[in-house]
Amino acid sequence: MARVIFGSALRRYTGGVEEVEVEATTVRSLINTLDRRFPGLGEHLGSGLAVAIDGEIMTDALYEPVPEDAEVHFLPPIGGG
């Protein structure tokens, strides 16, 4: 199963949970599974977040495969000025 690590910005939607293990084959199925576990979280995961799978950062990653033993992080957009 993939291990999903939630940054502090997302923990308010997970009830403070920092990480979970999820079985999923793609980022899209991962988000759907997380949304079922934490209702409403999927809306926040799909809104401009990049995804890091085993340290590789991707944007528009919905159909990217998620390896069985992957570590996944959802990264908020970085603002600049």
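Novice: Just checking my understanding: could you explain the pattern of salt bridges for this structure?
Specialist: Side chains that differ in charge, positive against negative, can pair when their charged atoms come close. For the structure shown, the criterion picks out two salt bridges. Residue Arg3 is joined to Glu19 by a salt bridge in which the shortest nitrogen-to-oxygen separation is 3.3 Å. Residue Arg3 is found in strand S1 (residues 2-5), and its partner Glu19 is found in strand S2 (residues 19-22); the two are separated by 16 residues along the sequence. You can call Glu19 partly exposed: its relative accessible area is 40%. Glu71 is the salt-bridge partner of Arg3, the closest N and O atoms lying 2.3 Å from each other. Taken as a pair, Arg3 in strand S1 and Glu71 in strand S5 (residues 71-75) lie far apart in primary sequence, 68 residues in all. For Glu71, a relative accessible area of 29% gives the class partly exposed.

Novice: What should I look at first to understand the pairing of S1 in this one?
Specialist: Two faces make up the sheet, and in a regular strand the side chains alternate between them. Relative to S2, S1 is paired through four bridges, and the arrangement is antiparallel. Directly across from Arg3, in S2, lies its bridge partner Glu21. Here S1 runs beside S5; their pairing, made up of three bridges, is parallel. Across the sheet, residue Ile5 finds its bridge partner in S5, namely His73.

Novice: What's the story with the packing of aromatic side chains in this structure? I'm lost.
Specialist: Aromatic ring pairs: the centre-centre distance and the angle between the two ring planes describe each pair. Considering all chains together, one arrives at one aromatic pair under this definition. Both rings, one in Phe6 and one in Phe38, keep their centres 5.9 Å apart while their planes meet at 85°; by these two values the pair is edge-to-face. Separated by 32 residues along the polypeptide, Phe6 in the loop between S1 and helix H1 (8-11) and Phe38 in the loop between helix H2 (27-37) and helix H3 (41-45) bring together distant segments of the chain. The class for Phe6 is buried, based on a relative accessible area of 0%. Classification of Phe38 as buried rests on a relative accessible area of 10%.

Cut-offs and rules
- Residues numbered from 1 in each chain as written.
- Predicted model: local features only at pLDDT ≥ 70, side-chain atom pairs only at ≥ 80, totals over all residues.
- Heavy atoms only, no water.
- Salt bridge = Lys/Arg side-chain N within 4 Å of Asp/Glu carboxyl O.
- Helix = DSSP H or I, 4+ residues; strand = E, 2+ residues; numbered from the N terminus.
- Buried < 20%, exposed > 50% of the residue type's maximum accessible area, 1.4 Å probe, protein only.
- Pairing = 2+ DSSP bridges.
- Phe/Tyr/Trp six-rings, centres within 6.5 Å; stacked < 30°, edge-to-face > 60°.

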